[in-house]
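# Architecture at a glance
Below are the chains, spelled out letter by letter.
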Amino acid sequence: MGKLTFCNFSLLFHSKLKIKINKIQKKTKTFSNLFFVPNNKQKTQLIKTNSTNQRKTQNPNHYQNCNVKINLASVFCVKKGSRKTKTEKEKRKKDRTINKEIKKDRKEKENEISFLLLGTGESGKSTFVKQMQILHYDGFDEETQNHYRNAIRSQLRTNTELLVDVADTLELKLKKKTKLNVEKFLRLNEFQNEDVFLTEELADCIESIWKDKSIKKAFDERYDFQIPDSASWFLDKTGEIVNENYIPTDQDILSCRIPTTGINQIKFKIKEHNWNIIDVGGQRNERKKWLHQFEECAVLLYIVAINEYNQTLYEKEGINRLHESLNLFKKISNMVFFRHTNCVILFNKMDLFEEKIKKYDLKKCFNDYNDGNDLDSAKEFIKNKFYRVAKNKNRQIFIHFICAIQTENIKVIVRAVQTSILTKLTNTQFL
Ligand SMILES: Nc1nc2c(ncn2[C@@H]2O[C@H](COP(=O)(O)OP(=O)(O)OP(=O)(O)O)[C@@H](O)[C@H]2O)c(=O)[nH]1
Ligand SMILES: [Mg+2]
């Protein structure tokens, strides 16, 4: 390769400062592609040449038809018909695959909508996510089932212990047979190997204790003692749970509570939209992790356990759970991050609320409530409390009353969210 003196180039800058030299291509038919990577001196020369040619542009990408002295040694050329080595071919193939992946990812990201699930502890955020797993991924894998089986077995023991304690505190009289079983249960429970979550002997004691009317009465008083509502669901099926072949059903997994620590995510597709639901822990000590998720959020999904109006916080005694949820919502929805964010409030645990409102007056929680045990009035009253604290003309608030442990109900709700909020987002954001 000799020196190339002045020649008229049609130079086209590549983004990585490679120049395709069309003229050379035409002159020297042996080359199919020529790329010129100018060094700094050559770059200055190009600028000079460009200005002498009195071109207006200062953008080096626009140099065209300028005279420049180029040492052909600095021209990277590929001989026409020359064989690419195997590694080169593989590299190009790999590059193409990566580029395709990047394009695909970018397209998916463009259609992705991030929903941030917020709410106080035990409001039902993870239960909602579990429903997405059932609806969009055909349920739970073996590892998850095993994880929940251990949790269910272990919680049977802790809940029985709690109920025995409550019966004792409330001085509820147990049957003679139950008392013997309680003694045996406490003894066995204390020396239980931690890796064995439940034995036949323990399960027999639990079944017998649960049959006692005073223990059932203790369960009815659960709201003052942090006993989970779902305890009865599992206590009713102790015999099944202790069986070595027991595999938790979807309903068991939905009912079992494992508090969230950290961040969980589930992605799925509905029609043309990719949903990305982010689930966080709602207890007070988990909330400091929320901040990192705020930027991602396109829609705020705020979950309220509407039935918790007569319960106090697990993590701090004496604080009403519904007050905590309302205060938290007020704080979150008025943050700069969310001023323009559309919001869906899901009033959850409607099954429990419908039962509770018949027995417990909402006035104990909100002094200005005066409609007794009328279900619709109570729903409307709570709805307005939340709606008012977040009212803002820059966004819309959608409200649904749900029961997160009922798959069919959640299916309908997701469809409603899809049509309402996503239609709004599509109109404003994606068009
Ligand atoms: N009966 C009833 N129980 C529900 C409902 N929704 C959730 N639960 C139960 O409430 C408990 C708590 O639900 P989670 O989904 O773990 O609550 P969470 O908001 O994720 O709690 P953290 O992870 O601590 O923030 C579980 O035992 C669920 O089965 C509902 O609609 N009805
Ligand atoms: Mg959770």
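Residue positions are counted from 1 within each chain, in the order its sequence is given. In the order they appear in the text, chains get letters beginning with A and ligands get numbers beginning with 1. The predicted nature of this model means local features are confined to residues of pLDDT at least 70 and side-chain atom pairs, given and counted, to a pLDDT of 80 or more, with totals for whole chains, interfaces and linings taken over all residues. Just so you know, side-chain values use all the structure's heavy atoms and leave hydrogens and water out.

Identification of the protein as G protein alpha i subunit from Anaeramoeba flamelloides is taken from an unreviewed UniProt entry.

Between rings of Phe, Tyr and Trp, where Trp is taken as its six-membered ring, a pair exists when centres lie within 6.5 Å; planes separated by under 30 degrees are stacked, by over 60 edge-to-face, and by other angles tilted. All chains considered together, the criterion is met by 14 aromatic pairs. Between Trp210 and Phe219, the ring centres sit 5.7 Å apart and the planes meet at 85°, which makes this aromatic pair edge-to-face. Take Trp210 and Phe219: they sit in the same class, and that class is buried. Here the aromatic rings of Tyr369 and Phe381 are separated by 5.1 Å at their centres, their planes lie at 70°, and the arrangement is edge-to-face. A residue pair is termed long-range when its members are at least 10 positions apart, and Tyr369 in the loop between α13 (350–359) and α14 (375–390) and Phe381 in helix α14 qualify at 12 residues. By the burial criterion, Tyr369 is buried, and Phe381 matches it. Think of it as a cone above the ring: NZ of Lys or CZ of Arg counts as a charge over the ring if it is within 6 Å of the ring centre and within 35 degrees of the ring normal. Note that Lys216 overlies the ring of Trp210, its terminal NZ or CZ placed 4.6 Å from the centroid. Above the ring of Tyr223, the side-chain terminus of Lys356 is found at 3.8 Å from the ring centroid. Exposure classes here rest on a 1.4 Å probe applied to the protein chains alone. A residue is buried below 20% of its type maximum, exposed above 50%, and partly exposed in between. The helix and strand labels rest on DSSP assignments: H or I over at least four residues marks a helix, E over at least two residues marks a strand, and numbering proceeds from the N terminus.

Looking now at the packing of helix α5 (residues 142–169) against helix α6 (residues 176–190). Contact geometry for α5 and α6: axes closest at 11 Å, N-to-C directions at 135°. Here α5 lies oblique to α6, going by the angle between them. In terms of crossing hand, the pair formed by α5 and α6 is left-handed. Facing Arg157, Thr160, Glu161 and Val164 of α5, the residues of α6 in contact are Val182, Phe185, Leu186 and Asn189. Residues are grouped as follows: nonpolar covers Ala, Val, Leu, Ile, Met, Phe, Trp, Tyr, Cys and Pro; charged covers Asp, Glu, Lys and Arg; every other residue, Gly included, is treated as polar. Residue classes in the contact of α5 with α6 are distributed as 4 nonpolar, 2 polar and 2 charged. Here an axis means a line fitted to C-alpha atoms, over the contact stretch when the element is a helix, while the angle between two N-to-C directions is reported on a 0 to 180 degree scale. By definition in this entry, angles of less than 35 degrees are roughly parallel, angles greater than 145 are roughly antiparallel, angles of 65 to 115 are roughly perpendicular, and the rest are oblique. Handedness of a crossing follows from how the near helix is turned relative to the far one, being left-handed for an anticlockwise turn of less than a right angle and right-handed for a clockwise one. Residue contacts follow a heavy-atom distance rule, with two residues in contact if any of their heavy atoms lie within 4.5 Å.

Bringing the coordination of the magnesium ion (ligand 2) into the picture now. Atoms of type N, O and S within 2.8 Å of a metal are treated as its donors, and for Na, K and Ca the window is 3.2 Å; water is not considered, so some sites may appear to be missing partners. At this site the magnesium ion (ligand 2) is bound by Ser126 (OG) and Thr260 (OG1), with donor distances of 2.0 Å. In this pair, Ser126 sits in helix α4 (residues 125–137) while Thr260 sits in the loop between α11 (250–255) and β8 (263–270), placing the two residues 134 residues apart along the sequence. Under the relative-accessibility criterion, Thr260 is labelled buried at 14%.

A few words now on the environment of Thr261. Tracing the backbone shows Thr261 in the loop between α11 and β8. According to the relative accessible area criterion, Thr261 is exposed, its value standing at 60%. C-alpha of Thr261 to C-alpha of Glu286: the two residues are 25 residues apart in sequence and 6.6 Å apart in space. Sequence-distant contacts of Thr261, that is, excluding residues within four places in its chain, are made with Glu286 and Lys289.

A few words now on the pattern of salt bridges. The salt bridge definition used is simple: a Lys or Arg side-chain nitrogen within 4 Å of an Asp or Glu carboxyl oxygen. Applying the stated criterion across every chain, the model contains 18 salt bridges. The closest approach of N and O atoms between Arg222 and Asp229, which form a salt bridge, is 2.9 Å. Summarising the burial analysis for this pair, Arg222 and Asp229 share the class buried. Linking Lys237 and Asp252 is a salt bridge whose minimum nitrogen-to-oxygen distance equals 2.7 Å. Of this pair, Lys237 sits in the loop between α9 (231–235) and α10 (238–242) while Asp252 is found in helix α11, placing the two residues 15 residues apart along the sequence. Under the relative-accessibility criterion, Asp252 is labelled buried at 0%. Three or more residues are tied together by salt bridges with common partners; here these are Glu122, Arg257, Glu308, Arg321 and Lys349.

Moving on to the site of ligand 1. Any residue with a heavy atom lying within 4 Å of a molecule or strand is counted as near it. Near ligand 1 you find 23 residues, and of these Lys125, Thr127, Leu254, Thr260 and Gly282 are the closest. Taking Gly282, its main chain carries an N or O atom lying 2.6 Å from an oxygen atom of ligand 1. Side-chain polar atom of Asn348 to a nitrogen atom of ligand 1: 3.0 Å apart, as the coordinates give it. Considered on its own, ligand 1 offers 650 Å² of accessible surface; in the complex 95% of this is hidden by protein. Mapped onto the shell around ligand 1, the elements with two or more residues apiece are α4, α11 and α13. Of the residues forming the shell around ligand 1, the biggest block, 3 residues, is contributed by α4. Its residues assigned to classes, the shell around ligand 1 comprises 6 nonpolar, 12 polar and 5 charged. There are two domains that each give the shell around ligand 1 at least three residues, and those are domain 2 (112–140 + 260–430) and domain 3 (142–255). Polar contacts, as counted here, are pairs of nitrogen or oxygen atoms within 3.5 Å of one another; within protein the pair requires one atom able to donate a hydrogen and one able to accept it, and residues that are adjacent in sequence qualify only if both atoms are side-chain atoms. Only the protein chains shown count as cover for residues, and the accessible areas themselves come from Shrake-Rupley with a 1.4 Å probe. By convention here, the domain bounds are inherited from an automatic or database domain assignment.

A separate point is the nonpolar core. Among the buried residues, those of types Ala, Val, Leu, Ile, Met, Phe, Trp, Tyr and Cys that are joined through side-chain atoms within 4.5 Å form a nonpolar core. Core analysis: the biggest nonpolar cluster contains 34 residues, and Leu118, Leu362, Phe366, Ile382 and Phe386 have the highest contact counts within it. Put simply, the parts of the chain that give this core at least two residues each are β7 (112–118), β9 (273–280), β10 (299–305), α12 (321–333), β11 (342–348), α13 and α14. Setting aside residues no more than four positions away along its own chain, Phe366 makes contact with Leu322, His323, Leu326, Phe381, Ile382 and Lys385. In this structure, Leu163, Ile206, Ala218 and Val242 belong to the second largest nonpolar core, which totals 33 residues.

Another aspect to go through is the side chain of Gln418. Examined against the element boundaries, Gln418 turns out to sit in helix α15 (residues 407–430). The contact partners of Gln418, leaving out residues within four places of it in the chain, are Ile270, Lys271, His273, Trp275 and Thr423.

A word on helix α7 (residues 200–211). Here a helix's expected span is defined as the number of its residues, less one, multiplied by 1.5 Å. In this model α7 runs 17 Å from its N-terminal to its C-terminal C-alpha over 12 residues, within 8% of the 16 Å that 1.5 Å per residue would give. Buried residues along α7 sit against α5, α6, α8 (213–220), α9 and α10.

As for its position among the elements, Glu194 is in the loop between α6 and α7. In this structure, the C-alpha to C-alpha distance between Glu194 and Ser154, residues 40 residues apart in sequence, is 9.2 Å.

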